[in-house]
Amino acid sequence: MTTLNRVSKPSGNWLSLQKRLRATSNSPNEPRNKRQRRLDDSLRASTSSNVPSSVPPSPAGNTSLHGNTVEALRSLIFSPTPFSPDLLPKDQQPGLYIALDCEMVGVGPAGTESTLARVSVVNYFGAVLLDGFVRQKERVTDWRTQWSGVRAKDMINAKTFEEVQGAVAELVKDRILIGHAIQNDLKALMLSHPRAQIRDTQHLAHRHGQSRSARPALRNLVRDTLGAKIQEGEHNSVTDARATMAIYRLHRKQWEKGYAVVPIRVPQKEKTKDIGDQLVSESKSIAAGDGSEDGPRPTRVSPSSKRITIRRKGVSSGLSTVVRHRPNVKGGVGGSKVKWWSELGGAGEGSKGRIRVIT
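Residues numbered from 1 in each chain as written. Predicted model: local features only at pLDDT ≥ 70, side-chain atom pairs only at ≥ 80, totals over all residues. Heavy atoms only, no water.

Structural notes on helix H9 (residues 237–250)
Part 1: Spanning 14 residues, H9 covers 20 Å between terminal C-alpha atoms, matching the ideal 20 Å at 1.5 Å per step.
Part 2: Within H9, 13 of the 14 residues are buried, which leaves the element mostly enclosed by the surrounding structure.
Part 3: Sitting at the head of H9, Asn 236 places a side-chain oxygen 3.0 Å from the backbone nitrogen of Val 238. (Helix = DSSP H or I, 4+ residues; strand = E, 2+ residues; numbered from the N terminus. Expected span 1.5 Å × (residues − 1). Buried < 20%, exposed > 50% of the residue type's maximum accessible area, 1.4 Å probe, protein only. Polar contact = N/O pair within 3.5 Å; in protein donor to acceptor, adjacent residues only side chain to side chain.)

Here you go:
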């Protein structure tokens, strides 16, 4: 007896799945959502090198620092310090927008407490307005050079905390302050700023969809939006402040919509129309009358329903109860009560009544 080996054929669903898998393997992987496509487009538009290519300046000035393209904003981050030589004098002034960044060092046991060590402030075009080191009042136990970039030799010509604090307060007054996690910098400087004049790139990037993380790092935000790399080694507060300004300029139109002041129009009240001179005459007669209820009553017209309502001046529109004191009919002289039981008929004098029971 021989057995026959049957070869089962693949089903139609399996064949269609194989075709679909071969088609997707031959084509490049596409981004899964709009955000990934937007980030990939910006990264493809950027160059592979971190240092931007030099753009020849035009007679009107360095146009690369005035534009809001990705290439122009990368040029702003890596521009010379304190400012680009092609920048016009008017663009070296503070202006309306300034960016702030600070660096900290450690004090106390094991350097766990942070204290302000360096402050950098730049304007809209990346020109450095302030860059100075802060003299420490306590012994520094951890310079954090690998992150802060601050060394002990930088304290030679450092200024006092009060001098740096006053200079920063003068710069940020009545201006839009831009920073990344700016509350930490303001806390280190012991300063406050109006909330309506603060633009925190960490908060705004998450709020408007540029970052999924609620607290994205500055280096990750610059890498994803501008295709540049910063903070690979020691941090530089000037570079970080310029990077913060570049991110803000890239998304300024979208982010500023949340701070736009929308005027509120208050509707004007409709004027009520009186019925001739009758209302005025009746109101005057009520005011000068004897106050009786039978007198004329003022009338008013509702502007919506044109319905005439009659109201009395000084009297509530609700129901009222009138109580009248009636005289005592059976009262005696002087209003004294009468012993009514003495008037009832009975068997004897002075009896109070008689009860008759019927069985």
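Details of unusual backbone geometry
Part 1: Cis peptide bonds are those with omega within 30 degrees of zero, and the linkage from Thr 81 to Pro 82 qualifies with 10°.
Part 2: Position of Pro 82 among the secondary structure elements: in the loop between helix H3 (70–77) and strand S1 (97–107).
Part 3: Even without being glycine, Asp 174 reaches a positive phi, approximately 60°.
Part 4: With respect to the element layout, Asp 174 can be found in the loop between helix H5 (161–172) and strand S5 (176–179).
Part 5: Owing to a relative accessible area of 60%, Asp 174 belongs among the exposed residues under this scheme.

Some details on the layout of surface pockets
Part 1: The space that makes up the largest pocket amounts to roughly 600 Å³.
Part 2: What lines the largest pocket is a set of 21 residues, and nearest its centre among them are Asp 101, Cys 102, Glu 103, Asn 184 and His 235.
Part 3: Contributions of two or more residues to the lining of the largest pocket are made by S1, helix H4 (145–148), helix H6 (182–189) and helix H8 (218–226).
Part 4: Broken down by element, the lining of the largest pocket gets its largest block of residues, four residues, from S1.
Part 5: Of the residues contributing to the lining of the largest pocket, the split by class is seven nonpolar, seven polar and seven charged.
Part 6: By volume, the second largest pocket is sized at about 380 Å³.
Part 7: Lining the second largest pocket we find 16 residues, and of these Ser 114, Thr 115, Leu 116, Ala 188 and Met 190 sit closest to its centre. (1 Å grid on protein atoms, 1.4 Å probe; cavity = no way out; pocket = protein on both sides within 12 Å on 5 of 7 lines; lining within 4 Å. Points joined across faces, edges and corners; volume = space filled by probe spheres on them. Nonpolar A, V, L, I, M, F, W, Y, C, P; charged D, E, K, R; others polar.)

Quick look at the nonpolar core
Part 1: Among the nonpolar cores identified, the biggest contains 31 residues, and Ile 77, Tyr 97, Ile 178, Val 222, Leu 226, Met 245 and Ile 247 are the most heavily contacted of them.
Part 2: At the level of elements, H3, S1, S5, helix H7 (201–207), H8 and H9 are the ones that each hand at least two residues to this core.
Part 3: In terms of residue count, H9 provides more of this core than any other element does, seven residues in total.
Part 4: Counting 20 residues, the second-largest nonpolar core is a separate cluster that includes Leu 100, Met 104, Val 119 and Leu 186. (Core = buried A, V, L, I, M, F, W, Y, C linked by side-chain atoms within 4.5 Å.)

Overview of the packing of aromatic side chains
Part 1: For the structure shown, the criterion picks out four aromatic pairs.
Part 2: Between Tyr 124 and Phe 125 the ring centres are 5.4 Å apart and the planes differ by 85°, which places this aromatic pair in the edge-to-face class.
Part 3: On the basis of relative accessible area, Tyr 124 is assigned to the buried category, the value being 15%.
Part 4: With 6.4 Å between their ring centres and 50° between their planes, Tyr 248 and Trp 255 make a pair best called tilted. A single burial state applies to Tyr 248 and to Trp 255, both of which are buried.
Part 5: Taken together, the ring pairs in this structure connect Tyr 97, Tyr 124, Phe 125, Tyr 248 and Trp 255 into an aromatic cluster.
Part 6: Across the ring face of Tyr 259, the terminal group of Arg 199 is positioned such that the distance to the ring centre comes to 3.7 Å. (Phe/Tyr/Trp six-rings, centres within 6.5 Å; stacked < 30°, edge-to-face > 60°. Lys NZ or Arg CZ within 6 Å of the ring centre and 35° of its normal.)

Quick word on the packing of H3 against H9
Part 1: At a minimum axis separation of 8 Å, H3 and H9 run at an interaxial angle of 160°. Looking at the two axes, H3 sits roughly antiparallel to H9. Here H3 and H9 pass one another in a crossing that is right-handed. The residues of H9 that touch H3, namely those facing Leu 73, Leu 76 and Ile 77, are Thr 239, Arg 242, Ala 243, Ala 246, Arg 249 and Leu 250. (Axes fitted to C-alpha atoms, helices over the stretch in contact; angles between N-to-C directions. Parallel < 35°, antiparallel > 145°, perpendicular 65-115°, else oblique. Left-handed = near helix turned anticlockwise from the far one by under 90°. Contact = heavy atoms within 4.5 Å.)

Observations concerning the pairing of S1
Part 1: Most of S1 is tucked away, with eleven of its eleven residues classed as buried.
Part 2: Burial along S1 is two-sided: the face carrying Tyr 97, Ala 99, Asp 101, Glu 103, Val 105 and Val 107 and the face carrying Ile 98, Leu 100, Cys 102, Met 104 and Gly 106 are both buried.
Part 3: With ten bridges joining them, S1 and strand S2 (residues 113–123) adopt antiparallel strand pairing. Bridged to Gly 106 within S2 is Ser 114.
Part 4: Pairing of S1 with strand S4 (residues 140–142), which is carried by two bridges, proceeds in the antiparallel orientation. Considered in S4, the bridge of Gly 106 is made with Asp 142. (Pairing = 2+ DSSP bridges.)

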